[in-house]
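# Residue-level structural notes
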Amino acid sequence: MPAPIRLRELIRTIRTARTQAEEREMIQKECAAIRSSFREEDNTYRCRNVAKLLYMHMLGYPAHFGQLECLKLIASQKFTDKRIGYLGAMLLLDERQDVHLLMTNCIKNDLNHSTQYVQGLALCTLGCMGSSEMCRDLAGEVEKLLKTSNSYLRKKAALCAVHVIRKVPELMEMFLPATKNLLSEKNHGVLHTSVVLLTEMCERSPDMLLHFRKLVPQLVRILKNLIMSGYSPEHDVSGISDPFLQVRILRLLRILGRSDDDSSEAMNDILAQVATNTETSKNVGNAILYETVLTIMDIKSESGLRVLAINILGRFLLNNDKNIRYVALTSLLKTVQTDHNAVQRHRSTIVDCLKDLDVSIKRRAMELSFALVNGNNIRGMMKELLYFLDSCDPEFKADCASGVFLAAEKYAPSKRWHIDTIMRVLTTAGSYVRDDSVPNLIQLITNSVEMHAYTVQRLYKALLDDISQQPLVQVSSWCIGEYGDLLVSGQCEEEEPIQDEVLDVLEGLLVSNLSTPVTRGYSLTAIMKLSTRFSSDANSVVSIYGSSIDVELQQRAVEYNALFKKYDHMRFYSEHCCFVQILPALQVQSTHPPCFTGSIYTSSLFYRFNLHVLYYLVSLLFQANDLLDLLGGNDVVPVIQTTLPTKPASAGGELLDLLGDLSLSTYSKNGLKIEFTFERANPNPNIAVITIHATNTTEADMTEFVFQAAVPKTFQLQLLSPSSNIVPALNQGSVTQVIRVLNPQKQQLRMRVKLTYTHKGSPIQDLAEVNNFPPQSWQ
Amino acid sequence: MQFMLLFSRQGKLRLQKWYVPLSDKERKKISRDLVQTILARKPKMCSFLEWRDLKIVYKRYASLYFCCAVEDQDNELITLEIIHRYVELLDKYFGSVCELDIIFNFEKAYFILDEFLLGGEAQETSKKNVLKAIEQADLLQEVYEMV
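None of the values given here were measured: they were computed from a predicted structure. (Residues numbered from 1 in each chain as written. Chains lettered and ligands numbered in written order. Predicted model: local features only at pLDDT ≥ 70, side-chain atom pairs only at ≥ 80, totals over all residues. Heavy atoms only, no water.)

## Some details on the overall build of chain A
Put simply, the rule is: Numbering of helices and strands starts at the N terminus; helices are DSSP runs of H or I of at least 4 residues and strands are runs of E of at least 2. Each residue is assigned to one of three classes by its accessible area relative to the maximum for its type, calculated with a 1.4 Å probe on protein chains only: buried under 20%, partly exposed between the two thresholds, exposed over 50%. Every residue pair with non-hydrogen atoms within 4.5 Å of one another is taken to be in contact. Accessible surface is estimated by sampling points in the Shrake-Rupley manner with a 1.4 Å probe; for residues, cover comes only from the protein chains shown.
For chain A, the count of helices and strands is 34 helices and ten strands. Relative to its full complement of 779 residues, chain A shows a buried share of 56%. Long-range pairs, those at least 24 residues apart, make up 67% of the contacts in chain A with a sequence separation of at least 6. Accessible area of chain A: about 34000 Å², with a carbon and sulfur share of 50%.

Put into structure tokens, the structure is as follows:
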């Protein structure tokens, strides 16, 4: 059997492959060779084979069959084997697999090996991928090595201990004794890793934190030495001595000084020193300054020091290096709440960062800008933010638009400014505003009564320019529907459109491909509303949609049409048009709670709610000649006299009063009088039992009397046999008949009645509508 | 540090060091996605980005991208220094290192990294000491070139 090819040879060969397929073939061939070599338990070449496997694994090919081989290599006595074996273990094994536990014994042995480099391999592997079980088993060995005088091993043991503590926090206590003299070390490697270990312990345990607070003076001293000492070639980075250690010490100081006045005071001077003396021309100096600023802002530092820190950040913002600008913005974002005024001083620089090319910087600058907006700077800031909104990437637009709305709501200097700002957002980023903005904006506009004319005019103009942005179109449609009369009446500053133009625009929205179903709903409703305000005919448009494929639109169109047919004369009764005024207020209320998903559901909910209210009010207000006939038939029949008070309905609140004043319904015509009485069926509260009593005041009998009734779809009706079908003349008797109505949905009871009888030889037929049953009869 | 990746401009992985326990499948997915994200960035952009819930620090040296995922509390600027230190170590070891060195001697690149970082933290801040340790360990390797 020839020796397996060398690693570098294999790499060279694979790299000559010109296609993916060719590479795959080579790999498969080599894997097969390696597999058979493994099967032969070849010790000599195992190392080489595993190394090749690791290369192929890096290319993305499966290598799990090499896992056990790695363990065999680790157990070998040869250093080369161990090196590759441990590397393989770290790359191919992970703690989810039981195989890794087999390593435990080998690692234990190697932790006690006579060669420090072998011990080093074991510590490295344990500290990189040791599972909780392994850590529990080997923590003792690590602790032992933490106390050794060999700095090469001590530094590795410290970081290994960090890993053990992360995996098994309960073991933290056992490392405490070993930490005693860690900071007295001269060796920077040990110092650095010790500081990392101490940091880990203090972050995890308040007790440890208290215990280690006494180290603050020592840490301060070490830091001071680093800064003050002369050039040390071994640790120098661009003129700074061991920046890695400095940064870690600063971080530990931050944790120790956090809520402690004494410690904070003890580190005050050194922080000031670092902040002022560190060379800022290179990244490394700025890295230290950055850590210093973070520490100053987090501990209980005196105000002078805090101002110093913020000024450093301000200088960072002007740095050419965008990485520095980035960390400055991040830090300022963290401190803007606590040191608001100090950060305000750098506002203009922050705003300039909005124009930066880098996405991360732009985002932070945007967040920070919004945090800095207040009553004093709102106008200037908004100008910049709106400009940003115009030009920024789509990923920012939604957040920016929301931020603008929030800021405008909080600090708007005037209503007109507020509405102008909203308009600007809708026109520049209209498609990105969040769903709940539309009802919120409608509410805002409603409440700004004096701005209605101005708003509707501007929105109308915006619609003429662009109908693609749905939120803008929706808000505009709504406004035009509401305030269309203001739009055409000459109250606007510029030349007003005529009614037909406005209707054309709304119609255009209905047919446009750009309009979503929700938007179409808005425009249809707007057209309907305008039919009560405009003299031109909006009817035809609405009726077309009676056969629309969109169910929502179809339903609206049909129901609006029904309204139109009956209430033609109402269009100009402005005082009776009050019910249309109710609609907007109710619309807005009904869009809450925001858990409704989909604005179609939301808008249809309030649409139905509004029509329901409509029916109520209409039926109550207009008795004679004006009752709604939904059950078919075009006869408008004057019927029921009620003792309804004649006060006109006004906005929502009095609705309930009107219902409460109703009395018994009666029919009286041509001498025939029918009275309705009610009772509730005991077993089933959903059934209303109505009894009619028919009496005759004329001097002739009414014979062949038949009473028929029909109810809307949601009800069920049962008509029992009448007592007789002759209504005797001159009130000498009555015909009674029981009607049982099932009303499971507890809706307002409505009934259509047909009466036929013969009187003095001629057949008489009459139709009537009963709408004002008292609430007790159906609730 | 949670992991470090080295990859070429074509997106080929040259080194992957993981300090958090993840399955092979998860590692592959993360590598693939992150590499794509970084390669899509323009040259003038900043070295830091938020990706999923991690902070990513990356820097390009010639044809190789060095990319680290660090924790929230970690200092991004010093991470750049860590990356730079590693590059210097490779450079000193290989003598003017280039991508090919790392391709053909990937195991050595790992050994050097493991002498510089342990568990994601720097274990030795002296360049000299790291290189000395590697040298000594190399000497321990059996005389005949087995690999």
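So much for the structure itself; the text now carries on.
## Let's talk about the overall build of chain B
To keep things clear, this is the line we draw: Neither His nor the chain ends is counted toward charge; the positive residues are Lys and Arg and the negative residues Asp and Glu. By convention, the charge on Lys lies at NZ, on Arg at CZ, on Asp at CG and on Glu at CD.
On a plain count of helices and strands, chain B comes out with five helices and seven strands. Going residue by residue from the N terminus, the α and β elements of chain B occur as β-β-α-β-β-β-α-α-α-β-β-α. Projected onto the principal axes, the alpha-carbon positions of chain B cover approximately 45 × 30 × 30 Å. Burial statistics for chain B: of 147 residues in total, 63% are counted as buried. Taking as baseline every contact in chain B between residues at least 6 positions apart, the subset at least 24 positions apart corresponds to 47%. With the model as given, the accessible surface of chain B reaches about 6100 Å², and the carbon-plus-sulfur share is 52%. Taking the 22 positively charged and 23 negatively charged side chains of chain B as two groups, their mean positions are separated by 7 Å.

## Describing the confidence of the model for chain A
All names here are of chain A. Rules: Each residue gets a pLDDT score, which is the predictor's confidence in that residue and runs from 0 to 100.
Averaged over every residue, the pLDDT of chain A is 82; the share at 70 or more is 84%. Between residues 570-606, whose pLDDT stays under 50, and residues either more than four places distant or in other chains, the model counts 58 contacts. Note on residues 619-663: pLDDT under 50 across the span, and 75 contacts to partners over four residues away in sequence or across chains.

## Looking at the interface of chain B and chain A
Condition: Buried surface area refers to the total accessible area, computed with a probe of radius 1.4 Å, that the two partners give up upon joining, counted for both partners together. One side-chain nitrogen of Lys or Arg within 4 Å of one carboxyl oxygen of Asp or Glu is enough to make a salt bridge. Between N or O atoms, a polar contact is any pair within 3.5 Å; within protein, one atom must be a potential hydrogen donor and the other a potential acceptor, and residues adjacent in sequence are included only when both atoms are from side chains.
In this complex, chain B contributes 66 residues to the contact, which on the side of chain A involves 73 residues. Summed over both sides, the interface of chain B with chain A buries roughly 6400 Å², with 55% coming from carbon and sulfur. At the junction of chain B with chain A, the criterion picks out ten salt bridges. Among the ionic pairs, Lys156(A) bridges to Glu115(B), the shortest N-O distance being 3.2 Å. At the junction of chain B and chain A, the tally comes to 29 residue pairs in polar contact (both at pLDDT 80 or more).

## Notes on the pattern of salt bridges
Taken as a whole, this structure holds 45 salt bridges over all chains when the rule is applied. For Lys29(B), the salt bridge is made with Asp33(B), and the minimal N-O distance between the two is 2.9 Å. Taken together, the residues span about one helical turn, with Lys29(B) and Asp33(B) both in helix H1 (residues 24-39) at a distance of four residues. Exposure remark for Asp33(B): the relative accessible area of 22% places this residue in the partly exposed category. Taken together, the salt bridges that share partners define one network made up of Arg166(A), Glu200(A), Arg204(A), Arg248(A) and Glu121(B).

## Some details on helix H2 (residues 76-94) of chain B
All names here are of chain B. Stated precisely, the cut-off is as follows: By this rule the span expected of a helix is its residue count minus one, scaled by 1.5 Å.
With 19 residues, H2 extends 27 Å between its outermost C-alpha atoms, agreeing within 8% with the 27 Å of an ideal straight helix rising 1.5 Å per residue. Across the 19 residues that make up H2, a large majority, 14, are buried. Taking the backbone nitrogen of Leu77 as reference, a side-chain oxygen 2.9 Å away marks Asn75 as the first, capping residue of H2. Two residues or fewer after H2 comes Gly95, characterised by a positive phi angle close to 75°.

## Brief notes about helix H26 (residues 470-488) of chain A
What counts, and what does not: To obtain the bend at a residue, axes are fitted to the seven residues ending there and to the seven starting there, and the angle between these axes is taken.
Look at H26(A): only 24 Å from first C-alpha to last across 19 residues, short of the 27 Å you get at 1.5 Å a residue. Its axis deflected by about 70° at Glu482(A), H26(A) carries its strongest bend there.

## A look at the pairing of strand E3 (residues 48-51) of chain B
Residues and elements named next belong to chain B. Worth spelling out the cut-off: What makes two strands pair is DSSP finding at least two bridges between them.
Pairing between E3 and strand E4 (residues 54-61): four bridges, direction antiparallel. When the bridges of E4 are listed, Phe48 appears paired with Val57. Joining the antiparallel neighbours E3 and E4 is a turn of two residues, in which Arg52 adopts a positive phi near 50°.

## Considering the sheet that holds E3(B)
All names here are of chain B. Counted only if it meets this: A fitted line through C-alpha atoms represents every axis, and for helices the fit uses only the stretch in contact; the resulting angles, taken between N-to-C directions, go from 0 to 180 degrees.
The strand order across the open sheet built from five strands is E2-E1-E5-E4-E3, with neighbouring strands paired in antiparallel fashion. Both edges of this open sheet fall to strand E2 (13-18) and E3, since each of them pairs with a single strand only. The sheet shows a mean angle of 20° between the axes of neighbouring strands, direction not considered.

## Some points on the packing of H26(A) against helix H28 (residues 517-533) of chain A
All names here are of chain A. Counted only if it meets this: Note that the term roughly parallel is reserved for angles under 35 degrees, roughly antiparallel for angles over 145, roughly perpendicular for angles of 65 to 115, and oblique for everything else. For this classification, the nonpolar set comprises Ala, Val, Leu, Ile, Met, Phe, Trp, Tyr, Cys and Pro, the charged set comprises Asp, Glu, Lys and Arg, and every other residue, Gly included, is treated as polar.
The contact between H26 and H28 brings their axes to 8 Å, and the two run at 10°. Here H28 runs roughly parallel to H26, going by the angle between their axes. Contact residues: H26 offers Gln470, Val473, Gln474, Ser477, Trp478, Ile480, Gly481, Glu482, Gly484 and Asp485, while H28 offers Val518, Thr519, Tyr522, Ser523, Ala526, Lys529, Leu530 and Arg533. Residue composition of the contact of H26 with H28, grouped by class: seven nonpolar, seven polar and four charged.

## Side note on the UniProt feature "domain: AP complex mu/sigma subunit" (unreviewed entry) in chain B
Worth spelling out the cut-off: UniProt positions are given in the numbering used here, feature names are shortened, and annotations may be inferred rather than shown by experiment.
Per the UniProt record, "domain: AP complex mu/sigma subunit" (unreviewed entry) is annotated on residues 1-140 of chain B. A distance of 30 Å separates the end C-alpha atoms of residues 1-140 of chain B, which is 47% helix and 25% strand.

## Looking at the pairing of E2(B)
Residue and element names in this part refer to chain B. For E2, a buried count of six out of six residues is recorded, marking the element as mostly surrounded by other parts of the structure. Pairing geometry for strand E1 (residues 3-8) and E2, over five bridges, is antiparallel. Looking at the pairing, Leu5 lines up with Gln16 of E2. Where E1 folds back on E2, the antiparallel hairpin that results is connected by four residues, among which Gly11 adopts a positive phi of roughly 90°.

## A short note on a negative patch on the surface
Residue and element names in this part refer to chain A. In plain terms, the rule: Like-charged residues are merged into a patch within 9 Å and nonpolar side chains (Val, Leu, Ile, Met, Phe, Trp, Tyr) within 5 Å, provided each residue has over 30% relative accessible area and no salt bridge.
A surface patch of negative charge is lined by Asp261, Asp262, Glu265, Asp269 and Glu302. Structurally, Glu265 can be placed in helix H14 (residues 261-277). Residue classification places Glu265 among the exposed positions, given a relative accessible area of 63%.

## Side note on the sheet that holds strand E9 (residues 751-759) of chain A
All names here are of chain A. An order of E6-E9-E10 is seen for the three strands of this open sheet, with the pairing classed as antiparallel. What marks the edges here is a single partner per strand, and that holds for strand E6 (702-710) and strand E10 (762-770). On average, each strand axis in the sheet is tilted by 15° relative to the strand beside it, whichever way the strands run. Pairing of E6 with E9 involves seven bridges; the strand directions are antiparallel. Across the sheet, Thr703 pairs through a bridge with Thr758, a residue of E9.

## Describing empty space enclosed by the protein
Short version of the rule: Cavities and pockets were defined on a 1 Å grid built from protein atoms only: a cavity is a group of points that admits a 1.4 Å probe but offers it no way out, a pocket is an open group of points flanked by protein on both sides within 12 Å along at least five of seven lines, and a lining residue is one with an atom within 4 Å of any such point. Grid points are joined across faces, edges and corners, and a volume is the space filled by probe spheres set on the points.
For the structure shown, the criterion picks out twelve cavities of 30 Å³ or more. What the largest cavity holds in volume is close to 210 Å³. Looking at the largest cavity, it is lined by 17 residues, and the ones nearest its centre are Arg248(A), Asp74(B), Ile78(B), Ile82(B) and Glu121(B). Of all the elements in the fold, those that place two or more residues in the lining of the largest cavity are helix H13 (243-257) of chain A together with H2 and strand E7 (121-122) of chain B. A volume near 150 Å³ is recorded for the second largest cavity. As for the second largest cavity, its lining consists of 15 residues, of which Arg83(A), Leu121(A), Phe111(B), Asp114(B) and Glu115(B) are closest to the centre. Going through the elements one at a time, helix H5 (79-92) and helix H7 (116-129) of chain A together with helix H4 (106-116) and helix H5 (127-140) of chain B are the ones with two or more residues in the lining of the second largest cavity. Along the lines of polarity and charge, the residues of the lining of the second largest cavity split into ten nonpolar, one polar and four charged.

## Focus on unusual backbone geometry
All names here are of chain B. You will see that Arg52, though not glycine, has its phi angle at about 50°, which is positive. Unlike most non-glycine residues, Ser96 shows phi in positive territory, near 50°. Secondary-structure assignment places Ser96 in the loop between H2 and helix H3 (99-104).

## Thoughts on the environment of Val475(A)
Residue and element names in this part refer to chain A. Assignment of secondary structure puts Val475 in helix H26. The exposure class assigned to Val475 is buried, which follows from its relative accessible area of 1%. Between the C-alpha atoms of Val475 and Ser437, which are 38 residues apart in sequence, the distance is 9.5 Å. Apart from residues no more than four positions distant in its own chain, Val475 is found in contact with Leu426, Val438, Leu441, Ile445 and Leu459.

## Thoughts on the environment of Trp417(A)
All names here are of chain A. When you line up the elements, Trp417 lands in helix H23 (residues 415-429). Using a relative accessible area of 14% as the deciding quantity, one classes Trp417 as buried. Taking the C-alpha atoms as reference, Trp417 lies 50 Å from Arg750; in sequence the two are 333 residues apart. Other than its neighbours up to four places away in sequence, Trp417 contacts Ile378, Arg379, Met382, Ala408 and Ala412.

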